[in-house]
Amino acid sequence: MAERRRVDYNIHRDVLDEEIVDDVYNPIYNTTTVREKLKKSVSCSGPRLKKSILSTVPVVSWLPRYPVRENALGDLISGISVGIMQLPQGMAYALLASVPAVYGLYSSFYPVLIYFFFGTSKHISVGTYAVMSVMIGGVTERLAPDSNFLENVTGEAIINTTLRDAERIKVAAAVTFMSGIFQVLLGLVQFGFVVTYLSEPLVRGYTTGAAIHVIVSQLKYTFGINPTRFSGPLALIYTVLEIGSLLPETNLGTLVVSAVSIVCLILAKELNTYLAKWLPVPIPVELIAIIVATLISWQVNLNAKYGIDVVGDIPSGLQPPALPDISLFSQVIGDAFAISVVGYGLAISLGRIFALKYGYKVDSNQELIALGLSNTFGGIFQCFAISCSMSRSMVQVSTGGKTQVAGALSALVILIITLWIGQLFEDLPKSVLAAIIYVNLQGIMKQFTDIPALWRSNWIDMVIWIVTFILTVLLNPDLGLAASIAFALLTIIFRTQLPTYSLLGQISDTDIYKPLNSYEEVKPVPDVVVFRSSATLYFANAEMYQEALGRKTGIDITKILAVKQKLEAKRKRVEKKQLKKAQKEAKKQAKENRDLQVDVEHTEMAGVAVIDIEPDRDPSLPRAIILDLSPVNFLDTVAVKTLKNIKKDYGEIGIDVVLTGCQSGVVHNLETGGFFNEKVTKCCVFSSIHDAVLHCQCSCETERHQQDKEVRDMPATHF
């Protein structure tokens, strides 16, 4: 490795404090009023209207300039490939949502088409997704459980599946419509930043926990049993125990079909991965699996002979639009909000990854609106909530998809299947769809390897991952998400409450200051202490900041002030005693010299000696303390009060306290918080640590010269 060339750095200027900076360099103050901002936000002009339309309906801006020669073939191949994947996944994820399989096809058509017009990501494949489907399934089975549709037929309780499915479709449409409304409203108020609270460890831990719910929800199709549906916290644990108790009733035919399907799908996926270098498009193993399984089921009549549950009736054509049942809104509003946040978080996270890789920008607020409109229209057409799928997005990219046209073409493939081909899959075993779900969860389950990687890089992120996973598993996806976000925010608070406090020293002959305990060649500045906290200063850590300052400097300010107060009280007692003695002497003198008029009450104490019992200055104490506030980005009233107390208390024992590294907002907080007054001005706030150090050293030298002069000028005392 070539030796890096060293560059000289030399500058000469005066020491600058905030008052000098304001006087010399003319700060710019933002004087825009709220009324002016509001007026500007609602004003309309031709260019602004055009920009608003293009940003709201992005397809208008990019479709007229679509490069047909460069992108058309890749988008066509990609659209057909993704559409073929949408067929088995849509039907499988409909089982997760506890609705008939054909509604998974509807959810792979209407929302995808809407996103084509309003979405800004060119590469994500929106549509059905396992995590979203299982959240929908939790709502539908809670509000429309099997127990509500039991009918007594010839002395035997039988579930009326027609009425049950109709009610569950209503619930799924209502929660989807509400989640879309939430997303649109959040997008309109520019609330796209909410995704920043969903960190990557949180999202990955959450999706892994949700995958456990997905797996457990499909076990009934794998074993051919019918467990009781539980809801609320610990529902997963109760469901697993219920399934365990029903294992003796397993349908062996269903179990064999499931096992064979899982093994064949895994082997085919591995073969697909191995041959990826030579194949222009991946082998549609899931489509082949459902075709083969349907043919075998139809020929052998698995449903009648072995009692293997199949998909059943798949109506051809599309459903007419219908407004969701308004009476259900109050019961699903909490679930709808959780679904809207999770769906948006998954989509924007994946969208940003592709945008960064391929060099374009994804508008977070527009993505909220696009997903919201997709879900809102989807709810009207009896779809369930959608997001984006990692596996389909990777296929879309790998097969040459470059724009949203690939998504629109995949929707057309689903439309053709729904209109003319869907009925052919009525004999498809549900256990095969469950096997497709298991195999598609391979990528999510591999996220368990995040734990050792996070342990090596950042153990707090590892804790967030594990806690999020546990909360999601125990509290269900909706409550688990809220609890996980709350925990992640608590870790931030704890980190600001437990920052690193350090004393800084100077690297010789430079203006660079580093922690004394981090570098051997860093030396402390004589008579000056430089103190820094690694976190911002606010009400939660203000008291700890003050305590850490005393601990690091070795100054027990409370004890020193208490001693000083005692000495002050003693001085006053001595003066009062001397005053009484003088008054007594004055009275005695007045009696002896009655011809002299002596005002006893106003006797001048010319002869009274005032004893100064102020202790000598402790030479171990610094003459100045510099508080480096460069990590601080705001100050609340408690923090400002703490800084005022520090300056006042240390000033009383002869230690000057100055601030440095204050951002403009922090200086403004100091002004509005009443830190500055006639005695404390902006002269105690410096732009850099070195400015503050030079100022303090100059003040110390001036003070020493003044003390030496006073000692030399002091008259001798003769006895």
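Structure: above.
Here goes a summary of the coordinates provided.

**Looking at the nonpolar core**
If you look at the biggest cluster of nonpolar residues, it comprises 112 residues, and the most contacted ones within it are Met-91 and Leu-433. Counting residues per element, this core draws most heavily on helix H15 (residues 329-358), which supplies 14 residues. Not counting the four nearest positions on each side in its chain, Met-91 is found in contact with Ala-101, Leu-105, Val-311, Ile-314, Phe-425, Leu-428 and Leu-433. In this structure, Leu-627, Val-658, Cys-684 and Ile-689 belong to the second largest nonpolar core, which totals 48 residues.

**Quick notes on a nonpolar patch on the surface**
On the surface, Leu-234, Ile-237, Tyr-238, Leu-241, Ile-470 and Leu-474 cluster together to form a nonpolar patch covering roughly 510 Å² of accessible area. Of all the secondary structure elements, the ones that give two or more residues to the nonpolar patch are helix H11 (235-246) and helix H22 (459-497). Element by element, the count of residues in the nonpolar patch is highest for H11, at 3 residues. With respect to the helices and strands, the residue Tyr-238 is situated in helix H11.

**Digging into the environment of Ala-482**
Tracing the sequence through the fold places Ala-482 in helix H22. Taking the C-alpha atoms as reference points, Ala-482 and Thr-468, 14 residues apart in sequence, are found 9.7 Å from one another.

**Side note on the pattern of salt bridges**
One pass over the full model with this rule turns up 14 salt bridges. Residues Arg-532 and Asp-628 are paired through a salt bridge, measuring 2.5 Å at the closest nitrogen-oxygen approach. Here Arg-532 is found in strand E8 (residues 528-533), whereas its partner Asp-628 is found in strand E9 (residues 624-628), with 96 residues between them in sequence. On the basis of relative accessible area, Arg-532 is assigned to the partly exposed category, the value being 23%. On the basis of relative accessible area, Asp-628 is assigned to the buried category, the value being 3%. Close ionic contact of Lys-682 with Glu-671 constitutes a salt bridge, the shortest N to O distance being 2.6 Å. Here Lys-682, found in the loop between helix H26 (664-672) and strand E11 (685-686), pairs with Glu-671, found in helix H26; they are 11 residues apart in sequence, far enough to count as distant. Residue classification places Glu-671 among the partly exposed residues on the basis of a relative accessible area of 38%. One salt-bridge network, held together by shared partners, links Asp-146, Arg-164, Asp-165 and Arg-168.

**Observations concerning the pairing of E9**
Across the 5 residues that make up E9, a large majority, 5, are buried. Going residue by residue along E9, you find Ala-624, Ile-626 and Asp-628 tucked away on one face and Ile-625 and Leu-627 tucked away on the opposite face as well. Summarising the sheet, E8 and E9 pair through 5 bridges and their orientation is parallel. Following the sheet pairing, Val-528 is matched in E9 by Ala-624. Strand direction decides the pairing type here: E9 and strand E10 (residues 656-660), joined by 5 bridges, are parallel. Its bridge partner lying in E10, Leu-627 is registered against Leu-659. Considered for its hand, the β-α-β crossover made up of E9, helix H25 (residues 637-652) and E10 is right-handed.

About the thresholds
- Residues numbered from 1 in each chain as written.
- Predicted model: local features only at pLDDT ≥ 70, side-chain atom pairs only at ≥ 80, totals over all residues.
- Heavy atoms only, no water.
- Core = buried A, V, L, I, M, F, W, Y, C linked by side-chain atoms within 4.5 Å.
- Buried < 20%, exposed > 50% of the residue type's maximum accessible area, 1.4 Å probe, protein only.
- Helix = DSSP H or I, 4+ residues; strand = E, 2+ residues; numbered from the N terminus.
- Contact = heavy atoms within 4.5 Å.
- Patch = residues over 30% accessible without salt bridge, like charges linked within 9 Å, V, L, I, M, F, W, Y side chains within 5 Å.
- Areas by Shrake-Rupley, 256 points an atom, 1.4 Å probe, with all protein chains shown as cover.
- Salt bridge = Lys/Arg side-chain N within 4 Å of Asp/Glu carboxyl O.
- Pairing = 2+ DSSP bridges.
- Right-handed = clockwise from strand over helix to strand, strands pointing away.

By themselves these figures say nothing about function.
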